[in-house]
Amino acid sequence: IMPATLSVIANLFTGKERGKAIGVWAALAAVGIGLGPLTGGLLLEWFDWSSIFMVNVPFAIAALLLGIRYVPESRDPRPGRFDLLGAGLSTAGFSILVYSIIEAPEQGWTSGLVLGSLSASVALLTTFVWWERRIEQPMLDLGFFRSARFSVGTAAVAIAFFALLGGIFALTQYLQFAHGYSAIEAGAVMSPIALGLMMGAGSSSKAVARLGTSRVVAAGLMGLALLLALTVLWESGTGALTLVAWFFGLALAMGWIMAPATEAVVGAVSAAKSGVASATNTVARMVAGALGVAVVGSLVTSLYSNDVEGSLGALPPPAQAAAEDSIGGAAAVAAQLPPDAASGLLATTGDAFTQAMGFGLLVAAAFAATTAVIVARFLPARELVAAEAEGAEATVRPLVDAGEAA
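Residues numbered from 1 in each chain as written. Predicted model: local features only at pLDDT ≥ 70, side-chain atom pairs only at ≥ 80, totals over all residues. Heavy atoms only, no water.

Here's the deal with the overall build of the chain
In terms of helices and strands, the chain carries 16 helices and 0 strands. Looking at the chain as a whole, 43% of its 406 residues qualify as buried. Long-range pairs, those at least 24 residues apart, make up 78% of the contacts in the chain between residues at least 6 apart in sequence. Accessible surface computed for the chain: about 20600 Å², of which carbon and sulfur atoms make up 67%. (Helix = DSSP H or I, 4+ residues; strand = E, 2+ residues; numbered from the N terminus. Buried < 20%, exposed > 50% of the residue type's maximum accessible area, 1.4 Å probe, protein only. Contact = heavy atoms within 4.5 Å. Areas by Shrake-Rupley, 256 points an atom, 1.4 Å probe, with all protein chains shown as cover.)

Examining the confidence of the model for the chain
A residue-level look at the chain finds 86% of positions with pLDDT of 70 or above and a mean pLDDT of 81. The least confident element of the chain is helix α16 (residues 386-405), whose mean pLDDT is 40; the most confident is helix α10 (residues 213-229), at 95. Segment residues 384-406 is flagged for pLDDT under 50; beyond a separation of four residues in sequence, or across chains, it makes 10 contacts in the model. (pLDDT = per-residue confidence, 0-100.)

Let's talk about helix α6 (residues 112-134)
Look at α6: 32 Å from first C-alpha to last across 23 residues, which is about the 33 Å you get at 1.5 Å a residue. If you check which residues of α6 are buried, you get Val-114, Ser-117, Ser-121, Leu-125, Phe-128, Trp-131 and Glu-132. (Expected span 1.5 Å × (residues − 1).)

What to know about helix α9 (residues 192-211)
When the terminal C-alpha atoms of α9 are compared, their 26 Å separation across 20 residues agrees well with the 28 Å that a helix rising 1.5 Å per residue should span. The principal kink in α9, of about 35°, is found at Ser-204. Downstream of α9 by a residue or two, Gly-212 has a phi angle that is positive, lying close to 95°. (Bend = angle between axes of the 7 residues up to and from the residue.)

Next comes the structure, spelled out in structure tokens:
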């Protein structure tokens, strides 16, 4: 859905208007990201867990009917054949990569399973690149990455979602288990994400007009890195106002990354290939988000388990193993203990998880800061979009041909 909607926007708008349209697209998409946790908390409080999936059905039906009625048709005049082998290689490679990272904390990074899975993922992804360079009609034209706007813009989007989704995975556990918030309270604390993303994405087009794409995206990435790094100063009882302000600032920085970087990616190709660019942009977000959850989650879990190992008192072996495995397991064990013992266990595990989360998000901050430097150095501040470039070429080519004929 997301690539198709972005492709439609790229075909309907050009130049500065396309940047504004993508900003609106990103802002509206942000509403779901920000309000999702709060809505989920409310549904879990009042209904069964399956309601989380059913609530989207009427909205999807309404969007489908409105799309049929109002969205104009657009397509690539030469779409080519579907690359089944390329799709299979990429899917298998990334799936095995995520699996190996998730299993690493439990199996060990040097275990045969993890090392074998990592080797298999590298082999599959290498084969995917070789195959895409070999066939005439690839699923992903790797030549697009020769454009700095396409490749660096894609990297900026990917790292931003790596940090965001990896952070949200850890922060959800922090709010509910370390801090002790209910699902509704945790969702309410995270709800400023919607407002921050809308404001950030909405203001990014004006900022790009004044400062250029590279400065705006780099500033967003540096802001994201700074806010992620600040979590090392948090405690298990950090105040709600601090958390609300932090989530708002994080989303504001994300808004300055998402819309301009996406516009750079889509604008780097012709309108006919905007669907491929949109799909690449979406795949980069999803794959990077999955890797962020796997990497940050595995790192936080490993650090937490190492910190609490042997420090949980005289718990029965099964209960101690569950509490050392995850902070969620510790909360489940605490629910079965007397009040004094439960509060002591929650305090110990909450502090350990908060420290582990801070270090995990510090690693994500380092990725964001490094990408900000790359963006500032290599992403063009302004460049003719592909459609304008094609128009210029169409104007100049007859003159060149006439000169050659003369």
